[in-house]
Amino acid sequence: IAARQSEAALEKLNRWAGALSSDPEAQELRASALDARRVACTDDLCRFAAARDARTVRATPTRDAAFTEARGRLLRTLTAREVSPDPAVTARSLRAVSSLAAGASAFYEDSELVGAARDATTWVEAERARIKLVGAPTSVVDDILERSAGAGSATGWPELRGVAVYASTSAGRCEGFYVIGSAPGARALTGREPGVGRLLRQATGRPEATVRARPTSSRTDTVARWSEGGTPVVARWSGNALMELRIGNVNP
């Protein structure tokens, strides 16, 4: 704890919990380790959680003050409504707020915090919808799709779980997307229409954009082509199953 190795200290305290159960210093040791975790935190949610846990283990006036400060800071972050003129800065900020809101919503006993998280999520989604992905820098695409580092074609959108989204880029900007099921033998997009539709709207910047219905045809493989605000879109079906979607300038 003195060396600020909070995680190592907590791991040892957990390992020796049984032996320390009757030790009068054990609770203070745990609370002190959580204090050290709070100091080492790099985001508001981590600081709040550590301050809350330390105060719960062993409250003191100092820990009460740290909890109040961390909670207030988290609330200010969740209720801020600042947007940068730089799309890359905005996308990165929106992703950070979205992550904080998701974490804060788990503290269900704090109704004010949960309400702020819910409102922040609503605001983030509205602001994200304003950012057109086709033509945007690749960093913006990664932040809006909530891709993790090295994720390749995966996204963080729950609606697109099991869907591969390949971005076509040129000179650091997105030119389009190729969308298909990510699992071999399960390439169809059928059943994932809400996520695919959301991606189409985000990519083209058109809130009214929808995936067109399958054209009437006696052929098994059928293709539909249309344009969303100047962005070409191609959808391909096999039978009644939507198999792939191409948005913008993309050649898989």
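For the structure, check the block above.
Below is a short write-up of the structure. (Residues numbered from 1 in each chain as written. Predicted model: local features only at pLDDT ≥ 70, side-chain atom pairs only at ≥ 80, totals over all residues. Heavy atoms only, no water.)

1. Section: the layout of surface pockets
Just so we agree on the cut-off: Cavity and pocket criteria rest on a 1 Å grid covering protein atoms alone: a 1.4 Å probe that fits but cannot get out defines a cavity, protein on both sides within 12 Å along at least 5 of 7 lines defines an open pocket, and an atom within 4 Å of a point defines a lining residue. Grid points are joined across faces, edges and corners, and a volume is the space filled by probe spheres set on the points. Segments assigned H or I by DSSP are reported as helices when at least four residues long, segments assigned E as strands when at least two residues long, and all are numbered from the N terminus. Residues are grouped as follows: Ala, Val, Leu, Ile, Met, Phe, Trp, Tyr, Cys and Pro are nonpolar; Asp, Glu, Lys and Arg are charged; every other residue, Gly included, is polar.
Approximately 160 Å³ is the volume attributed to the largest pocket. Looking at the lining of the largest pocket, the elements that each hand over two or more residues are helix H7 (111–128) and helix H9 (193–204). It is H9 that contributes the most residues to the lining of the largest pocket, three residues altogether. Each residue belonging to the lining of the largest pocket can be placed in one class, and the counts come to two nonpolar, two polar and five charged.

2. A closer look at the packing of aromatic side chains
Formally: Each pair of aromatic rings taken from Phe, Tyr and Trp, with Trp reduced to its six-membered ring, is defined by centres within 6.5 Å and is described as stacked if the planes are under 30 degrees apart, edge-to-face if over 60, and tilted in the remaining cases. Burial classification: accessible surface area is computed with a 1.4 Å probe over protein chains only, and a residue below 20% of its type maximum counts as buried, one above 50% as exposed, and the rest as partly exposed. The rule is short: NZ of Lys or CZ of Arg within 6 Å of the ring centre and within 35 degrees of the ring normal puts a charge over the ring.
Applying the stated criterion across every chain yields a total of three aromatic pairs. Taken together, a centroid distance of 5.6 Å and an interplanar angle of 35° make the contact between Phe 48 and Phe 67 tilted. Separated by 19 residues along the polypeptide, Phe 48 in helix H4 (residues 44–57) and Phe 67 in helix H5 (residues 61–79) bring together distant segments of the chain. Given the relative accessible area of 1%, Phe 48 is considered buried. Given the relative accessible area of 13%, Phe 67 is considered buried. Connected via pairs of aromatic rings, a cluster forms that spans Phe 48, Phe 67 and Phe 107. Directly above the ring of Phe 67 sits Arg 55, whose terminal nitrogen or CZ lies 4.3 Å from the centroid. Across the ring face of Trp 157, the terminal group of Arg 198 is positioned such that the distance to the ring centre comes to 3.6 Å.

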